[in-house]
Amino acid sequence: MNKTALNINNLTNLWTVAGEVFQGYSEHNGVYCSHIKNTQWPNRLWTGSTLSSGLKHQLKGSMEKVPGLTFSYFNNGQTSLFQTDPYFMLKSKQYGMSMELTEKFGSQKIFDFRTVTNREEAELWSKAFHLAFNYNISVETILNTMNTIPYILVSEEEVLVGTVILHITEQVAGIHSLGIVPSQRKKGYATEIMYHIMNEAIDSDSKLATLQASEMARAMYEKMGFTTDFLMENYTLKNEL
C-alpha cells in the first residue's frame, strides 16, 4: 500500500472510530459518512470511488439531509471536478504529508504529555483545541471516544501549551489536531511537540508518520522532512456558507 493510501486510511479510520461510538457512521453506494450531533467533528463525507455526476448528486442529497457535513475529496493531482460546480464550494485545503520514521529526533524541551481520562481533562482539551483552531470538538465527543482515541494535553512546567492526537493504524502514526494555544505561539513548540510525538511513534514500532497540514503549517513540516502526497479539498454546500 502506498503512502497516500496509508495516510488516507489512517485519517478516515479516525473519523470512522469517532462516528461508530455515536452510531453515526454509515456507508452507502461507496460514500462514507461519520457524523456526531452537537459538534463540528468529524461530520464528514468521503469516498474512494471515481467521482461522477451520479455520485455528486448523492453527496449533495446527503449534505442537504444532514446540515453541517463537509465532503473531503482526496485529490491526487487531477483537476478538481468541483471547480465550476453550482452546488459545492471549497471550504479549505489541506496537504496530506508523510515521512518515514527511521531514527529518533533530538529535542530541546521537556513536555508533560497527559492523555485525557476524565471530564475535567476533556473540558481542558476541548477548550484548548477551540482556542488553537476556532473549531469545536465537544466534551461529550471526547468523553465517549477517549478509550479508543488518545486526546493528549501538552504542557511545559505546568503551563498548557496545546493539544495533539496520535492515532496509530498498521504501523502508521497519524498525527492529528496538533494545535498551540495563542498565548504560547512563536516559541517553537509545534516542532518540538512533533519530535516528541514521532519518537513515541517509533517506540510503538510505527514506520511512517502522516498528517494533514494547512498551507500555513506546510513549510514547517517540509523542513522536518515531510513530503506532500496529495491534496485534500474540503467542500460544503454553497447555501450553507
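Residues numbered from 1 in each chain as written. Predicted model: local features only at pLDDT ≥ 70, side-chain atom pairs only at ≥ 80, totals over all residues. Heavy atoms only, no water.

For the rest of this paragraph, the subject is the packing of aromatic side chains. The description of two aromatic rings rests on the distance between their centres and on the angle between their planes. As enumerated under the stated definition, the model contains 13 aromatic pairs in all. Three or more aromatic residues joined by ring pairs form one cluster here, namely Trp125, Phe129, Phe133, Tyr135 and Tyr151. Its end group placed over the ring of Tyr87, Lys60 keeps NZ or CZ at 4.5 Å from the ring centre. (Phe/Tyr/Trp six-rings, centres within 6.5 Å; stacked < 30°, edge-to-face > 60°. Lys NZ or Arg CZ within 6 Å of the ring centre and 35° of its normal.)

With respect to topology, eleven strands assemble into an open sheet ordered S1-S2-S3-S4-S11-S5-S10-S9-S8-S7-S6, the strand pairing being mixed. For this open sheet the edge positions go to strand S1 (25-28) and strand S6 (112-115), each flanked by a neighbour on one side alone. Taken over all neighbouring pairs, the strand axes of this sheet differ in orientation by 25 degrees on average, direction set aside. Taken together, the six bridges between strand S7 (residues 151-156) and strand S8 (residues 159-169) define a ladder with antiparallel strand orientation. By the bridge assignment, Tyr151 is partnered in S8 with Ile165. (Pairing = 2+ DSSP bridges. Helix = DSSP H or I, 4+ residues; strand = E, 2+ residues; numbered from the N terminus. Axes fitted to C-alpha atoms, helices over the stretch in contact; angles between N-to-C directions.)

Judged by how many residues are buried, strand S9 (residues 172-180) sits mostly within the fold: eight of nine residues are covered. Pairing between S8 and S9: seven bridges, direction antiparallel. The partner of Ile168 across the bridge, within S9, is Ala173. Joining the antiparallel neighbours S8 and S9 is a turn of two residues, in which Glu170 adopts a positive phi near 50 degrees. In terms of strand pairing, S9 meets strand S10 (residues 208-213) through three bridges, oriented parallel. Residue pairing in the sheet places Gly174 in a bridge with Thr210 of S10. With helix H5 (residues 189-203) bridging S9 and its parallel neighbour S10, the resulting β-α-β unit is right-handed. (Buried < 20%, exposed > 50% of the residue type's maximum accessible area, 1.4 Å probe, protein only. Right-handed = clockwise from strand over helix to strand, strands pointing away.)

A word on helix H3 (residues 119-133). Taking 1.5 Å per residue, 15 residues should reach 21 Å; H3 reaches 21 Å between its end C-alpha atoms and fits that length. Each element contacted by the buried residues of H3 is listed here: S6, helix H4 (139-145), S7, S8 and S9. Between the side-chain oxygen of the N-cap and the backbone nitrogen of Glu120 there are 3.2 Å, and the N-cap of H3 in question is Asn118. Immediately beyond the C-terminal end of H3, within one or two residues, lies Asn134, with a positive phi of roughly 55 degrees. (Expected span 1.5 Å × (residues − 1). Contact = heavy atoms within 4.5 Å. Polar contact = N/O pair within 3.5 Å; in protein donor to acceptor, adjacent residues only side chain to side chain.)

Quick look at the layout of surface pockets now. Here the largest pocket is characterised by a volume of approximately 1500 Å³. Elements represented by at least two residues in the lining of the largest pocket include exactly helix H1 (3-21), strand S5 (88-100), H3, S9, H5, S10, helix H6 (215-224) and strand S11 (227-237). Broken down by element, the lining of the largest pocket gets its largest block of residues, six residues, from S9. Of the residues in the lining of the largest pocket, the class split is 24 nonpolar, 17 polar and seven charged. (1 Å grid on protein atoms, 1.4 Å probe; cavity = no way out; pocket = protein on both sides within 12 Å on 5 of 7 lines; lining within 4 Å. Points joined across faces, edges and corners; volume = space filled by probe spheres on them. Nonpolar A, V, L, I, M, F, W, Y, C, P; charged D, E, K, R; others polar.)

It is worth spelling out the packing of H5 against H6 at this point. Any two packed helices are characterised by how steeply their axes cross, that is the angle between the axes, and by the distance between the axes. Between H5 and H6, the shortest axis-to-axis distance is 11 Å and the interhelical angle comes to 50 degrees. In terms of orientation, H5 and H6 fall into the oblique class. Two packed elements cross with a definite hand, and for H5 against H6 that hand is right-handed. Residues Ala190, Thr191, Met194, Tyr195 and Met198 of H5 touch H6, and the partners they reach there are Met220, Tyr221 and Met224. Its residues placed into classes, the contact of H5 with H6 shows seven nonpolar, one polar and no charged. (Parallel < 35°, antiparallel > 145°, perpendicular 65-115°, else oblique. Left-handed = near helix turned anticlockwise from the far one by under 90°.)

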